[in-house]
Amino acid sequence: MPLTPDASSAAPLHVHIVSHTHWDREWYQPLGRFRQRLVALVDELLDDPPAPGTSFLLDGQGIVLDDYLAVRPERRAELSALLREGRLEAGPWYVLADELIPGGEALVRNLLAGRRAVRSMRAEPPPVLYCPDSFGHPAALPAIARGFGFEAVILWRGYGGARWPDGDAAWWEAADGTRALLLHLPPDGYEFGSNLPADPADAAARWTAMRAVLAPRARLGVALVQNGADHHARQHRHATAIAALVDAAQSDVPEASSLGAYVRDALARAAQAKLPVVHGELRDSYGYTWTLQGTFASRASQKRVNAGVERALVRDAEPWAAIARARHGATRRGTLNAAWRSLLEAHPHDTLCGCSIDEVARAADVRWADAAAQAAGIRDDAIMELVHHQPATAREQRDAWRSVLLVRNRAPRSRSGVVRLTIDTFIADVGVGPGSAGQEITIPSPLPAPGLSLPHQVLGESIVHARTESPRHYPDDDLVVRREVLARIGDVPGYGVVSVPLDGVQALPAVDTVVDATADGRVLSNGLLRVRVGDDGTVDVASLDGSHATRQLVGFECRRDAGDLYTPAIREAAPAAVCVATRVLHAGPLRAAMAMDWIVRGAGGADDSPVTLILSLDAAEPFLRVSVTGEHRGHDQRLRLLLRTGVPDARVWADAAFGAVERRPIEVSAEEAARELPPPTAPLHRYVSLFAPAGGATVFSDGLAEYEAMQDGTVAITLVRAVGALSRHDLPERPGHAGWPCDTPEAQCRGPFAAELAVLFHRGERDTATVDVIERVADDVLLPLTGDTLRSALAVPEPVHGVTLEGPALAFSALKESEDGEWLVLRCVNLGDSAARGTWRLGWPVTEARVSRLDEIPGDPMPVEQGAALAFDVPPHGIHTMLVR
């Protein structure tokens, strides 16, 4: 597409020169070492501040402010003053996260945390979503930007090259029609203007070369030149060097400037210009700059842990805390912010993408574990408040305890059927401290019964220590028999809690009669699906209504990987995996399961790895669960689970931030491929769906982040990608180093690995009804009904009615307390192609409701029906946020 005449190469070019650093918080050095350099950098800026009207950009993130002040708290006032004056710029992000692996809500929490960090300094971030080095960008990013009042996005990787319009500016439109101005960095990215020469002759030559890149792309007649690079302090004699460049530019108009000034200039010009419009994900900058789309399975187990922690915060901790707050409970904003900070500290792209040194990966593990523990604590405390259980009071009435199961529903709709229970049955009190010496505990035989009158099936049991804690007492420690149990129960309200006493009295209505799950020889069935396991390990699956059948559903693929943590380099395949044993694990009636033991041969002479595959059908569930556990003993290889859906030549839709996106293979020229070859894999959130005239199938994942959808209908899920180097320079797939070369022996990922997956067969047409089914099953797979034992109950709690969401293809996104504590935030996403009418129903009175942006700024009032029902309209693929109190 030709550029507009006023932005031609001959026209004068207005250039904003912005000094900056690109600050990877950790990467080839750990956080502590890089922070030492950060402190020196900021000290220098405070001692010799940027001139008025110019700035030094602290890389679009707020965490650098916290990191600096952790070492230099005495300089807070100086730092705040320069931020308020715009001579230092920070934010709007808290961390420069990877944008394709986290969910949409995590990106929103990142921006909320970034705003908090900058505003704590009584300042505001520059008016742009600044994304200088993310390895691609989600299709919803324009909607996220506008949801925080940003009209522009600055980015580099993922855009540019033959399949995009020419030029450095375009309108980027999200699926709901929201637009943001896309401002694209040069091929050399944020370091295009690094190390400017101070000598006039050298400056003239440098400007000639720079202008040759900038001018042909300058659709708006304005350009950004960033003077800085990775972990660089401000350039020595920067003022002299910038002045030399200004003098060398002659007819052009370069000036020392700020990011905010550049963006305001570009937006004003864009309002008068005719720009191309682009849509969808930005995952293709092949031929322009490295896109680096091969990191979704680097340190794959960490991606799975991250997804689990995100789920725990967004779908467990935040909603229960919000419901408790709405019922006049305590605010938990501070503890939730702390939990999110622990998680967000693991989201910088070099950390979450797994392309850092082993020490960084180990530090991230600690953060994820900490965030998970915080999320569980917030959830438990909120639920205790909701059921009016006071641990301190109960601790003083030990003789009055009775055991009760608290069953919680983490979906915004009433659910019934199979619930997963953890039942603890008392055996003996355990003393702790000096007086506990010599105590003897006798384990009774048989073990005491669980006391559950509902239809149930015991999956396993063990003897463990269980503590009952109180804020005013030492814990009470008991030895208990812990049973993992499936039971069949009646309706549990949306985001509600019901109680089941463990004393033989049933407190819930029975569910409708359903066909039991059974295991008969090598056949599993539940009235909806039949699974047949052959002697050779073949797995055939059929819908009992005849709508779908597939042969050889499961398999394994192991191939040598000669790549690094940025880029796979897949080579020869290992010999085929062998199924060495099968056995019935559970015979029903609520779960029928078959365990299959495999030996996966190592690639390239690596050791073999034992893997156990468990296929499970639960009563009345329309999907097959596939669990994988194994011990990886190999090296330099990629291990994948193959799920042959029997849906060939399909359209592929994959879950992503704020809604699914359609994905097609990226096809590049031979010249582009010589610089970087696109991998056939793609990022995986909760599911990937195949749609074809003959039928459809969806594969759900509990957190593994990479899939490949093949033309024959096979969906390959990467279980392990094992390499031992941060960066290699000799890969045909990406010649040259993408990072500093370091050995990463722990990235060989030796040891245990696991995955929880599911397969659903459905209609081949992607209509509203099918999308709705997929979304509901995603909740059933990833957020099943769950119950835990409260052994210190003094009474059977009354049911808690929380929140329900009604409407076709509407997906729950968030329920949380607002940043200012004045509201609750309700958010959903319309996954359908048509406008939808939705209704939130709340289990408590609502006095006021307002529409809102993602940044939680109250908008127009909304009507409240019957005190607790809120009806709203959502455009196709729209994100709808409201505030209630």
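Residues numbered from 1 in each chain as written. Predicted model: local features only at pLDDT ≥ 70, side-chain atom pairs only at ≥ 80, totals over all residues. Heavy atoms only, no water.

Helix and strand counts for the protein chain stand at 15 helices and 46 strands. Its C-alpha radius of gyration of 29 Å places the protein chain within 12% of the 29 Å reference for a compact globule of 885 residues. C-alpha atoms of the protein chain, sized along the principal axes, occupy 90 × 60 × 60 Å. Taking all 885 residues of the protein chain together, the buried fraction comes to 61%. (Helix = DSSP H or I, 4+ residues; strand = E, 2+ residues; numbered from the N terminus. Rg over C-alpha atoms; globule rule 2.2 N^0.38 Å. Buried < 20%, exposed > 50% of the residue type's maximum accessible area, 1.4 Å probe, protein only.)

Let us look at the pairing of strand 42 (residues 836–842). Counting buried positions along strand 42 gives five out of seven residues, so the element sits mostly inside the fold. Pairing analysis gives four bridges linking strand 39 (residues 803–806) to strand 42, with the strands arranged antiparallel. In the strand pairing of strand 42, L805 is matched with W840. As paired strands, strand 42 and strand 45 (residues 869–874) are joined by six bridges and run antiparallel to one another. Across the sheet, residue T839 finds its bridge partner in strand 45, namely A871. (Pairing = 2+ DSSP bridges.)

As a further point, take helix 8 (residues 259–270). The first and last C-alpha atoms of helix 8 sit 16 Å apart over 12 residues, in line with the 16 Å expected at 1.5 Å per residue. Among the residues of helix 8, L259, G260, Y262, V263, D265, A266, L267 and A270 are the ones counted as buried. (Expected span 1.5 Å × (residues − 1).)

A word on the packing of aromatic side chains. This model, assessed by the stated rule, comprises 12 aromatic pairs. Aromatic side chains Y28 and F34 sit 5.2 Å apart centroid to centroid with 90 degrees between the ring planes, which places their arrangement in the edge-to-face category. Overall, the relative accessible area of 0% leaves F34 in the buried class. Judged by centre distance (6.3 Å) and plane angle (55 degrees), the rings of F135 and Y566 are tilted. Of this pair, F135 sits in the loop between strand 4 (129–131) and helix 5 (141–147) while Y566 sits in the loop between strand 21 (554–561) and strand 22 (570–573); the two residues are 431 residues apart in sequence, bridging distant segments of the chain. The burial state of F135 is the same as that of Y566; both residues are buried. Within the aromatic cluster, the residues linked to one another by ring pairs are W23, W27, Y28, F34 and W740. Across from the ring centre of W290, 5.3 Å away, lies the NZ or CZ of R734, which sits over that ring. (Phe/Tyr/Trp six-rings, centres within 6.5 Å; stacked < 30°, edge-to-face > 60°. Lys NZ or Arg CZ within 6 Å of the ring centre and 35° of its normal.)

Taken together, the five strands give an open sheet; going across it, the order is 16-17-18-19-20, and neighbouring strands pair in antiparallel fashion. Of all the strands in the sheet, the pair left with one neighbour each is strand 16 (518–520) and strand 20 (549–550). Pairing between strand 17 (residues 523–525) and strand 18 (residues 529–533): three bridges, direction antiparallel. Residue pairing across strands places S525 opposite R530, the latter belonging to strand 18.

Here E817 shows up in strand 40 (residues 810–817). Here R325 takes part through its side chain, which lies 3.2 Å from a polar atom of the side chain of E817. Side chain to side chain, E817 and T331 meet in a polar contact 3.0 Å long. Among all residues touching E817, those that are not within four sequence positions of it are A322, R325, T331, R332, R333, W823, L824 and V825. (Polar contact = N/O pair within 3.5 Å; in protein donor to acceptor, adjacent residues only side chain to side chain. Contact = heavy atoms within 4.5 Å.)

When pLDDT is averaged along the protein chain, the result is 95, and 98% of the positions lie at 70 or above. The low-confidence segment residues 1–7, where pLDDT is below 50, has 19 contacts with residues more than four positions distant or belonging to other chains. (pLDDT = per-residue confidence, 0-100.)

Here we take up the state of the cysteines. Per the stated rule, a full pass over the model turns up zero disulfides. The thiol of C131 is unpaired, and the distance to the nearest cysteine sulfur, on C353, comes to 14 Å. Free of any disulfide, C353 has its nearest neighbouring cysteine sulfur in C355, separated by 5.0 Å. Judged by relative accessible area, which is 0%, C353 ranks as buried. (Disulfide = S-S within 2.5 Å.)

Turning our attention to unusual backbone geometry. Cis rather than trans, the peptide bond between G91 and P92 has omega equal to 15 degrees. Mapped onto the fold, P92 is located in the loop between strand 3 (88–89) and helix 4 (104–119). One non-glycine residue, R299, lies in the positive phi region at around 50 degrees. Its location among the elements puts R299 in the loop between strand 10 (277–279) and helix 9 (300–326). By relative accessible area, R299 is classed as buried at 5%.

Structurally, the position occupied by R488 is in strand 14 (residues 473–492). Its relative accessible area of 13% is what places R488 among the buried residues. Polar contacts involving the side chain of R488 include one to the side chain of D516, which spans 3.3 Å.

A separate point is the sheet that holds strand 40. Across the sheet, five strands lie side by side as 40-41-46-43-44; this open sheet has antiparallel pairing. Looking along the sheet, the strands with just one partner apiece sit at the ends: strand 40 and strand 44 (858–861). Pairwise comparison of adjacent strand axes, ignoring direction, gives a mean angle of 30 degrees for this sheet. For strand 40 and strand 41 (residues 824–830), the ladder comprises seven bridges, and the chain directions are antiparallel. Counted as the bridge partner of A811 is V829 from strand 41. Helix 4 rests against strand 40 and strand 41 of the sheet, and its axis sits at about 30 degrees to strand 40. (Axes fitted to C-alpha atoms, helices over the stretch in contact; angles between N-to-C directions.)

Viewed as axis vectors pointing N to C, helix 4 and helix 10 (residues 333–344) meet at an angle of 110 degrees, and their least axial separation amounts to 11 Å. Relative to helix 10, the element helix 4 is oriented roughly perpendicular. Residues A106, R109, N110, A113 and R116 of helix 4 pack against N337, W340 and L344 of helix 10. Tallied by class, the residues present in the contact of helix 4 with helix 10 amount to four nonpolar, two polar and two charged. (Parallel < 35°, antiparallel > 145°, perpendicular 65-115°, else oblique. Nonpolar A, V, L, I, M, F, W, Y, C, P; charged D, E, K, R; others polar.)

Each turn of an α-helix holds 3.6 residues, which means side chains three or four residues apart point in the same direction. With 12 residues, helix 10 extends 16 Å between its outermost C-alpha atoms, agreeing within 8% with the 16 Å of an ideal straight helix rising 1.5 Å per residue. All of the buried residues in helix 10 are L336, A339, W340, S342, L343 and L344. Buried residues along helix 10 sit in contact with helix 4, helix 9 and helix 12 (358–386).

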